[in-house]
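Coordinate inspection notes
Each chain is listed here by its residues.
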There are 2 protein chains.
Amino acid sequence: MYSIGIDIGGTNTDIGLVNENGTILERCNLKTGSFTDFECYVQAVASEIKTMIGRNNLSLSDMEGIGIGAPNGNYYSGCIENAMNLTMRGVLNARKEFAKYFDCPVVLSNDANAAAYGELIYGGAKGMKNIIMFTMGTGVGSGIIVDGRLLLGSTGSAGELGHAIAVPGGRTCSCGLHGCLEAYASIRGILQTYREIRAEHDALHANDPVKEGWIDPSISINEISCRNLGNAANQGDPLALKTFAMTARYMGIAMANAVAFSSPEAIFLMGGPAQVGDPLLIPLRQAFKENLLYSFDNTCSIQMSQLNANDVAILGAAALIKMK
Amino acid sequence: MYSIGIDIGGTNTDIGLVNENGTILERCNLKTGSFTDFECYVQAVASEIKTMIGRNNLSLSDMEGIGIGAPNGNYYSGCIENAMNLTMRGVLNARKEFAKYFDCPVVLSNDANAAAYGELIYGGAKGMKNIIMFTMGTGVGSGIIVDGRLLLGSTGSAGELGHAIAVPGGRTCSCGLHGCLEAYASIRGILQTYREIRAEHDALHANDPVKEGWIDPSISINEISCRNLGNAANQGDPLALKTFAMTARYMGIAMANAVAFSSPEAIFLMGGPAQVGDPLLIPLRQAFKENLLYSFDNTCSIQMSQLNANDVAILGAAALIKMK
């Protein structure tokens, strides 16, 4: 059997045809942002899917199901609920709309949940039963697997660890709360940490010499990306290293707290900032260890996602079909 | 059918014979502290149970099972693992020892898990599927129910929210970590908060008039109990009120973070400090609301346990028999 994975993002919708082994046989995409009407959008996506299936000499009866990962995607209701980064507004009943075009099961969840489930079915968590996925990017998302099943809770929206309070009364988050993990460990949060560290540094040591690969102090701070910071940290830039060390502390504590909650056997990490490697991962593992209750010592590893960054969204969405 | 609930505490072991409706038909107790050998202890407990069953004109075949709540009780292994407050040391295989005397299933978990499960089967959470129980006392414990099942995780020790970090780098906890919720919201933590508030106050306003029911400043601070503080708070003592307001803030944030994790429909609260009522509960609900992600607004209530404080440990232990 085959499945279709759809990743609905604010800019692009990525669609993939996936086989039983988790190989993406073909993929295509649509500009999500060019649609304001959800029915028209689903019609266009459905048409792409049908063409793709035909091109691969398959038919609709070969499809086990259609899995969709979307911001604010709710498994129970099958709706995308007021996603702020979509041009299509309100509550969008994805399951119902897609069912107009396909007989097979249509399953929806949010993107971080899909990533966690994808890791479980196709990635580094194969054979595990209790894991947590943290996704670092524009925001900080999470997906939690308990006893082999996605933790959905009473609302279907469980697993929002990016909006657990990391610093009581701390930075204002995009959600309006104060001190969320996301306000510190998202790309925006990391850049803010860098700005604070650099302002403090520049006040005292503005003329310190800068080595090759470090961030040139003449570059406007607003032009520095998280990728620039990551490269500089890997070249030994002390301010960039300090930035990732602080980020790592928040993430490490959040992960230790997550272990106190659900005692997973592994925590997975993905997303742009996580790609920086050692400057983040070494202090992260240290902070994790320092803040973990002794009874959990050596019970949970921190691992990078083993799915290819370009594939994870489609594979995660496709994996949702396997949910019991 | 009937069941036996056993609550193993550091000082006392409480044993109850429980009917299908959650009524304790008879109870008795033993001094846990007078035993150093676990086999002798289990023999004595088993003898009490058999006598109690006979006295009620029942036989062992009427027993659905034996449920045990114990510090560090692990459901998977059936062992009490290095509980610091027991005179019997090491890893105690409770399931194995009790099985020598009884044919029926013997189920073990920690006391907070048992309390959560008791609330689900016999208390205010009947019919619910996703809840969290917080127990405030010498420590802060928690038990988490997901989809009607106790969350145990890969180790069997999930649900240690008292040792999630509430204040990064904060107070040293009895477990050795820094900033655990327990270091702020246990009885010891609450008294420490009071001492800090009073020291700050006394430095400036030592001679302010004190009203009836407030804590007399001539009383040595070490003689003040959490119950004294609760009574004073309910009489309007401003320092006691401030103490519970601060405690409430930590608890409210911890509860909001717990909702971001598992999205329960209700959070239950029990234990001595929770009995203080409004001085704790009003600011707690306020802090919960202020720190809760908007998408969870009005999805989770905070409630006091509906089980009698004298019964909850036995009923919780007995309820473990119902675990699927």
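What counts and how
Residues numbered from 1 in each chain as written. Chains lettered and ligands numbered in written order. Predicted model: local features only at pLDDT ≥ 70, side-chain atom pairs only at ≥ 80, totals over all residues. Heavy atoms only, no water. Helix = DSSP H or I, 4+ residues; strand = E, 2+ residues; numbered from the N terminus. Buried < 20%, exposed > 50% of the residue type's maximum accessible area, 1.4 Å probe, protein only. Lys, Arg positive; Asp, Glu negative; His and termini not counted. Charge placed at Lys NZ, Arg CZ, Asp CG, Glu CD. Contact = heavy atoms within 4.5 Å. Buried area = accessible area lost by both parts, 1.4 Å probe. Salt bridge = Lys/Arg side-chain N within 4 Å of Asp/Glu carboxyl O. Polar contact = N/O pair within 3.5 Å; in protein donor to acceptor, adjacent residues only side chain to side chain. Pairing = 2+ DSSP bridges. Axes fitted to C-alpha atoms, helices over the stretch in contact; angles between N-to-C directions. Least-squares fit on C-alpha atoms with pLDDT ≥ 70 in both. Domains from an automatic or database assignment. Phe/Tyr/Trp six-rings, centres within 6.5 Å; stacked < 30°, edge-to-face > 60°. Lys NZ or Arg CZ within 6 Å of the ring centre and 35° of its normal. Core = buried A, V, L, I, M, F, W, Y, C linked by side-chain atoms within 4.5 Å. Expected span 1.5 Å × (residues − 1).

**Considerations on the overall build of chain A**
Within chain A, the regular secondary structure consists of 9 helices and 12 strands. Viewed in the frame of its principal axes, chain A has a C-alpha envelope of about 65 × 45 × 35 Å. Looking at the 324 residues of chain A, the share that counts as buried comes to 57%. In chain A, which carries 23 positive and 30 negative side-chain charges, the distance between the mean positions of the two groups comes to 2 Å.

**Structural notes on the interface of chain B and chain A**
Each partner contributes residues to the interface: chain B has 43 residues there, and chain A has 43 residues. Summed over both sides, the interface between chain B and chain A buries roughly 3,400 Å², with carbon and sulfur atoms accounting for 63% of that surface. Summed over the shared surface of chain B and chain A, the number is 2 salt bridges. Note that Arg 149 of chain A is salt-bridged to Asp 147 of chain B, the shortest N-O span being 3.5 Å. There are 12 residue pairs in polar contact (both at pLDDT 80 or more) connecting chain B and chain A. Elements represented by at least two residues in the side of chain B that touches chain A include exactly strand E9 (140-146) and helix H7 (238-262) of chain B.

**Description of the sheet that holds strand E8 (residues 131-136) of chain A**
All names here are of chain A. The strand order across the open sheet built from 5 strands is E10-E9-E8-E11-E12, with neighbouring strands paired in mixed fashion. Lying at the two open borders of the sheet, with one neighbouring strand each, are strand E10 (149-150) and strand E12 (301-304). One ladder, built from 6 bridges, connects E8 with strand E9 (residues 140-146); its direction is antiparallel. Along E9, the bridge assignment pairs Phe 134 with Ser 142. In the packing of helix H7 (residues 238-262) onto the sheet, the strands contacted are E8, E9, strand E11 (266-270) and E12, and the crossing angle to E8 comes to about 155°.

**A short note on the relation of the copies chain B and chain A**
At an RMSD of 0.0 Å, chain B and chain A line up after a rotation of 180° and a shift of 0.0 Å along the axis. Look at the turn and shift together and you get a two-fold axis relating the two. Across chain B, the smallest distance between a C-alpha and the rotation axis is recorded for Val 167 of chain B, namely 3.6 Å. Residue by residue, 100% of the interface of chain B is reproduced at the interface of chain A, so both copies engage with the same surface.

**Concerning the sheet that holds E9 of chain B**
All names here are of chain B. Reading across from one edge, E10-E9-E8-E11-E12 is the order of the 5 strands in this open sheet, with mixed pairing throughout. Either end of the sheet is taken by a strand with one partner, and the two such strands are strand E10 (149-150) and strand E12 (301-304). Both strand E8 (residues 131-136) and strand E11 (residues 266-270) contribute to a ladder of 5 bridges, which runs parallel. The partner of Met 133 across the bridge, within E11, is Phe 268. Relative to the sheet, helix H3 (residues 111-122) contacts E8, E9, E10 and E11, its axis offset from that of E9 by approximately 45°.

**A closer look at the pattern of salt bridges**
A complete count under the given rule lists 16 salt bridges over all chains for this structure. For Glu 26 of chain B, the salt bridge identified is with Arg 55 of chain B, shortest N-O distance 2.4 Å. With a gap of 29 residues between them, Glu 26 of chain B in strand E3 (residues 24-31) and Arg 55 of chain B in helix H1 (residues 38-55) connect regions that are remote in the sequence. Assessed through its relative accessible area of 21%, Glu 26 of chain B is described here as partly exposed. Shared partners join several salt bridges into a network, and the residues in it are Glu 20, Glu 64 and Lys 322 of chain A.

**Examining the domain arrangement of chain A**
All names here are of chain A. Taken domain by domain, chain A holds domain 1 (2-119 + 311-322) and domain 2 (127-305). Of note, the centres of domain 1 and domain 2, computed from C-alpha atoms alone, are 29 Å apart. Taken together, the contact pairs 13 residues of domain 1 with 21 residues of domain 2. Between domain 1 and domain 2 lies a buried interface of about 1,300 Å² when both sides are counted; carbon and sulfur atoms form 61% of it. Among the residues of domain 1 in contact with domain 2, Tyr 76, Asn 113 and Glu 119 are the three that bury the most area, contributing 39% of the side total. Joining domain 1 to domain 2, the criterion identifies 0 salt bridges. Counting the contacts that link domain 1 with domain 2 gives 3 residue pairs in polar contact (both at pLDDT 80 or more). It is helix H3 (residues 111-122) that contributes the most residues to the side of domain 1 that touches domain 2, 6 residues altogether.

**Overview of the packing of aromatic side chains**
Throughout the structure, instances matching the rule amount to 9 aromatic pairs over all chains. For the pair Tyr 75 of chain B and Tyr 76 of chain B, a centre-to-centre distance of 6.2 Å together with 65° between the ring planes defines the contact as edge-to-face. Note on Tyr 76 of chain B: relative accessible area 39%, which makes it partly exposed. Measuring from ring centre to ring centre gives 4.5 Å for Tyr 184 of chain B and Tyr 250 of chain B, while their planes differ by 40°; the resulting arrangement is tilted. With Tyr 184 of chain B in helix H4 (residues 182-185) and Tyr 250 of chain B in helix H7, this residue pair connects regions lying 66 residues apart in the sequence. Taking NZ or CZ as reference, Lys 50 of chain A lies 5.4 Å from the ring centre of Phe 102 of chain A, over its face.

**Regarding the nonpolar core**
Membership of the largest hydrophobic core comes to 111 residues, with the highest contact counts inside it found for Phe 134 and Leu 269 of chain A together with Phe 134 and Leu 269 of chain B. When residues no more than four places from it in sequence are discounted, the contact partners of Phe 134 of chain A are Val 140, Gly 141, Ser 142, Leu 161, Leu 181, Met 251, Ala 254, Met 255, Ile 267, Phe 268, Leu 269 and Met 270 of chain A.

**Comments concerning helix H5 (residues 187-205) of chain B**
Residues and elements named next belong to chain B. With 19 residues, H5 ought to run about 27 Å at 1.5 Å a step, and its terminal C-alpha atoms sit 26 Å apart, in line with that. Among all positions of H5, only Gly 189, Ile 190, Leu 191, Thr 193, Tyr 194, Ile 197, Arg 198 and His 201 are buried. Buried residues along H5 sit against E8, H4, helix H6 (226-234) and H7.

**A word on the pairing of strand E7 (residues 106-109) of chain B**
All names here are of chain B. Taking every second residue as pointing to the same face, both faces of E7 are buried, with Val 106 and Leu 108 on one and Val 107 and Ser 109 on the other. Where strand E4 (residues 63-69) lies against E7, 4 bridges are found, and the strand directions are parallel. Along E7, the bridge assignment pairs Gly 67 with Val 107.

**Describing the environment of Ile 221 of chain A**
Residues and elements named next belong to chain A. Mapped onto the elements of the fold, Ile 221 is located in the loop between helix H5 (187-205) and helix H6 (226-234). Given a relative accessible area of 25%, Ile 221 falls into the partly exposed group. For Ile 221 and Met 255, which are 34 residues apart along the polypeptide, the C-alpha to C-alpha distance reads 30 Å. Filtering out sequence-adjacent residues up to four positions away, Ile 221 remains in contact with Tyr 194, Arg 195 and Arg 198.

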